[in-house]
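The primary structure of each chain is shown beneath.
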Amino acid sequence: MMTLADKRLVSIITVCYNSAVTIDRTIKSVLAQNYDNIEYIIIDGASQDNTLERIENYQEEFRDKFNREIRIISEPDKGIYDAMNKGIQLAQGDFIGILNSDDAYMPEAVSKIISCATDDKLQVCYGGIRIFQKDTLESIVFLSHLFLEERMIAHPACFVTKKVYEKYGNFSTKYKSSSDYEFMLRISKKKDVVFNPVYEPVTDFYLGGKSTTCEGFLDKIYMLHDIGKMRTGEYLFKRMVLLFQQYYFIMQKNDMYLFIFLILTFILIIIKHIPNY
């Protein structure tokens, strides 16, 4: 039987800010893991609610189960990816998983991920997700790394060896909600990085985060254009569509002429950049 010393240490990082309403679900899912060599790091952005009090309530349970406390850092940050990078720097585990403060791991998530891991020093082990709207299960999704150019794999279901971060860098702080996608695109081109999929869900993902909003999609296409994955004409067109969707209901009630003016302005911009399309 494998002893604790034989098991790979897995670091789980949660970044949060004013997450008192949802943080319990996230912490409880870590406690519920059937894998016992886990380090849990929470990077809090100096929350103003009682998030920190709720986290502290679980310290005794973590000591009993994992023989270590939750490591808590609470200080202002420069955004979600700056906070994630702080956690990565602190992590001592062979693998690092990043779990949002409103999501939850399924009970066998870590053990399934470790079961699919190989001896490669540079690897990404990942699974699928169950998507929830509040408490209602909407769908079960698995996205393959073979199609990363078209769509990001489920980041809350990803575990990356720390050596990948050490060799190829952490998350860019240039983007607000798409730096995890930029990171995966970056390392997917490296021949020494191995992707190992688990073909079943390991994480419960709850809709409502920034990446699923119009602002998140705008940041994604900006990132893709910025790294050369999207041509200028396509970027401008998609940006125009997203902005129109965002402001449509306001404009139709207040100033249709402004709406028409913006349409014409974007058309002129696109025509100007047609040679770069």
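These notes cover the structure that comes with them. (Residues numbered from 1 in each chain as written. Predicted model: local features only at pLDDT ≥ 70, side-chain atom pairs only at ≥ 80, totals over all residues. Heavy atoms only, no water.)

**Looking at the nonpolar core**
No. 1: Counting 40 residues, the largest nonpolar core has Met184, Ile187 and Phe195 as its most contacted members.
No. 2: Per element, the largest residue contribution to this core is five residues, and it comes from helix H7 (residues 179-188).
No. 3: Those residues in contact with Phe195 that sit more than four places away from it in its chain are Val124, Tyr126, His145, Leu148, Ile153, Met184, Ile187 and Ser188.
No. 4: Counting 34 residues, the second-largest nonpolar core is a separate cluster that includes Val10, Tyr58, Ala109 and Ala157. (Core = buried A, V, L, I, M, F, W, Y, C linked by side-chain atoms within 4.5 Å. Buried < 20%, exposed > 50% of the residue type's maximum accessible area, 1.4 Å probe, protein only. Helix = DSSP H or I, 4+ residues; strand = E, 2+ residues; numbered from the N terminus. Contact = heavy atoms within 4.5 Å.)

**Here's the deal with the packing of aromatic side chains**
No. 1: Counted according to the given criterion, the structure contains 12 aromatic pairs.
No. 2: Judged by centre distance (5.4 Å) and plane angle (40 degrees), the ring pair of Phe62 and Phe66 falls under tilted. With Phe62 and Phe66 both in helix H3 (residues 59-66), this residue pair falls four residues apart, about one helical turn.
No. 3: Here Phe62 falls in the buried class, since its relative accessible area comes to 2%.
No. 4: Geometrically, the ring pair formed by Tyr126 and Phe195 is edge-to-face, given 6.5 Å between the ring centres and 75 degrees between the ring planes. Taken as a pair, Tyr126 in strand S6 (residues 123-133) and Phe195 in strand S9 (residues 194-206) lie far apart in primary sequence, 69 residues in all. Both residues of the pair, Tyr126 and Phe195, count as buried.
No. 5: Here a set of aromatic residues connected by ring pairs shows up, and it is made of Tyr81, Tyr165, Phe171 and Phe183. (Phe/Tyr/Trp six-rings, centres within 6.5 Å; stacked < 30°, edge-to-face > 60°.)

**Some thoughts on helix H1 (residues 23-31)**
Residues separated by three or four positions in an α-helix point in the same direction, a consequence of the helix having 3.6 residues per turn.
No. 1: Counting buried positions along H1 gives seven out of nine residues, so the element sits mostly inside the fold.
No. 2: Of the positions making up H1, those classed as buried are Ile23, Asp24, Thr26, Ile27, Ser29, Val30 and Leu31.
No. 3: At its buried positions, H1 is contacted by strand S1 (10-16), strand S2 (38-44), helix H2 (51-56), H3 and strand S5 (104-105).

**A closer look at the packing of H7 against helix H8 (residues 214-226)**
No. 1: Relative to each other, H7 and H8 sit at 30 degrees, their axes nearing to 9 Å. One element, H7, and the other, H8, form an angle in the roughly parallel class. Note that H7 runs across H8; the crossing there is right-handed. Here H7 contributes Tyr181, Glu182 and Leu185 to the contact with H8, which in turn contributes Lys220, Met223 and Leu224.
No. 2: Of the residues assigned to the contact of H7 with H8, the class counts are four nonpolar, no polar and two charged. (Axes fitted to C-alpha atoms, helices over the stretch in contact; angles between N-to-C directions. Parallel < 35°, antiparallel > 145°, perpendicular 65-115°, else oblique. Left-handed = near helix turned anticlockwise from the far one by under 90°. Nonpolar A, V, L, I, M, F, W, Y, C, P; charged D, E, K, R; others polar.)

**Examining helix H4 (residues 80-90)**
No. 1: Of all the residues in H4, the buried ones are Tyr81, Asp82, Ala83, Met84, Asn85, Gly87 and Ile88.
No. 2: For H4, the elements touching its buried residues are S1, S2, strand S4 (95-98), helix H6 (162-168) and H7.

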